[in-house]
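Observations on chain architecture
Residues per chain, in single letters:
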Amino acid sequence: MRHVGLIAGAAAAALVAAGAITYAVAGDDGGGRTPSAESADAGFARDMAVHHQQAVEMSYIVRDRTKDEEVRRLAYDIAQTQANQRGMLLGWLDLWGLPKVSSEPPMTWMDMGGMASGKDGALMPGMATNFEMKKLGELSGKRAEVFYLQLMTDHHQGGIHMAGGCVRACAVGVEKRLAQGMVDAQQSEISLMADMLKARGAAPRS
């Protein structure tokens, strides 16, 4: 539980720092230029907002399906962190005057528009299918805990892949730093979730 608390504290500190600069992001380290709708900056903001929303949904589902305080605390921390980051990403699109949706497939900004099939709601790497989301909502207790930790591990792996793409390709400095923060935090959470799965006699799916 101490590990969960440390991650929660780090996440909270990151959100406070990020929130303080949200409204100054449009020209940060970007030479004063507003990103285009086709840029990596805009593509990452749009796609990660969708990716984060599912993580928030999964986390609130499992909080209703288990009484285990360790899992409930982790789920709450993930939900709060990713909901706040999602708000920042959508806020930046508003500041830039750019649409929140695109006619192009997800991941096009990474030249990977065909990477995820979109089958059954899995629009991007790591995203759960509609069937998996429904199954999570039907499980309870230890089975719900294990399935959530497995789904969220996959979700984080996909998120790290996308955030790493922004670190390499985004032009707006504060967005790159947020993306790097996502990579660091989610890698730590993957390690924590591996330990939590092991304690429950289970393992990540991949």
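Our structure is the block above this text.
Residues numbered from 1 in each chain as written. Predicted model: local features only at pLDDT ≥ 70, side-chain atom pairs only at ≥ 80, totals over all residues. Heavy atoms only, no water.

What follows concerns the state of the cysteines. Here is the idea: a disulfide is a covalent bond, and it sits between the sulfur atoms of two cysteines. For the structure on display, the rule yields 1 disulfide. A sulfur-sulfur distance of 2.2 Å marks the disulfide that ties C166 to C170. Measuring the twist about the S-S bond at about -120°, one finds the C166-C170 disulfide to be left-handed. C166 sits in the buried class, given a relative accessible area of 0%. (Disulfide = S-S within 2.5 Å. Buried < 20%, exposed > 50% of the residue type's maximum accessible area, 1.4 Å probe, protein only.)

One pass over the structure, following the stated rule, counts 1 cavity of 30 Å³ or more. Its boundaries defined by the atoms lining it, the largest cavity holds a volume of some 80 Å³. Among the elements that take part in the lining of the largest cavity, helix α6 (residues 173-199) stands out by supplying 5 residues, more than any other. Split into classes, the residues belonging to the lining of the largest cavity amount to 4 nonpolar, 6 polar and 1 charged. (1 Å grid on protein atoms, 1.4 Å probe; cavity = no way out; pocket = protein on both sides within 12 Å on 5 of 7 lines; lining within 4 Å. Points joined across faces, edges and corners; volume = space filled by probe spheres on them. Helix = DSSP H or I, 4+ residues; strand = E, 2+ residues; numbered from the N terminus. Nonpolar A, V, L, I, M, F, W, Y, C, P; charged D, E, K, R; others polar.)

What follows is about unusual backbone geometry. A positive phi angle, near 75°, is found at M107, a position not held by glycine. When you line up the elements, M107 lands in the loop between α3 (69-96) and α4 (130-138).

The next thing to look at is the environment of D68. As for its position among the elements, D68 is in the loop between α2 (40-63) and α3. Sequence separation between D68 and K142 is 74 residues, and the spatial gap between their C-alpha atoms is 8.4 Å. Once residues within four sequence positions are removed from consideration, D68 is found in contact with E145 and R200. A distance of 3.1 Å separates a polar side-chain atom of D68 from the backbone nitrogen of E70. (Contact = heavy atoms within 4.5 Å. Polar contact = N/O pair within 3.5 Å; in protein donor to acceptor, adjacent residues only side chain to side chain.)

Okay, the packing of α2 against helix α5 (residues 141-169) next. Axis separation between α2 and α5 bottoms out at 10 Å; the angle between their running directions is 165°. By the criterion of interaxial angle, the relationship of α2 to α5 is roughly antiparallel. Crossing hand, α2 versus α5: left-handed. Residues A40, F44, D47, M48, H51, Q54, A55, M58, S59 and V62 of α2 lie in contact with α5, whose contacting residues are A144, Y148, L151, M152, H155, G158, G159, M162, A163, C166 and A169. Counted by class, the contact of α2 with α5 contains 14 nonpolar, 6 polar and 1 charged residues. (Axes fitted to C-alpha atoms, helices over the stretch in contact; angles between N-to-C directions. Parallel < 35°, antiparallel > 145°, perpendicular 65-115°, else oblique. Left-handed = near helix turned anticlockwise from the far one by under 90°.)

Turning our eyes to something else, we now look at the nonpolar core. Grouped together as the largest cluster of nonpolar side chains are 52 residues, with contacts concentrated most on F44, M58, L89 and Y148. Looking at this core element by element, the count peaks at 11 residues for α5. Not counting the four nearest positions on each side in its chain, L89 is found in contact with F44, A45, M48, A49, E175, L178 and M182. (Core = buried A, V, L, I, M, F, W, Y, C linked by side-chain atoms within 4.5 Å.)

If you check α2, its first and last C-alpha atoms are 34 Å apart, about what 24 residues at 1.5 Å a residue would give, namely 34 Å. Counting buried positions over the 24 residues of α2 gives 18, a clear majority of the element. (Expected span 1.5 Å × (residues − 1).)

Opposite charge on two side chains permits them to pair, given that their charged atoms come into close proximity. Under the definition given, this model contains 8 salt bridges. For E70, the salt bridge goes to R200, with nearest N and O atoms at 3.6 Å. In this pair, E70 is assigned in helix α3 and R200 in the segment after α6, connecting sequence segments 130 residues apart. R200 matches E70 in its accessibility class, with the two residues each being buried. In this structure, the salt-bridge partner of E138 is K134, at a minimum N-O distance of 2.5 Å. Residue E138 and its partner K134 are located together in helix α4, separated by 4 residues, close to a single helical turn. (Salt bridge = Lys/Arg side-chain N within 4 Å of Asp/Glu carboxyl O.)

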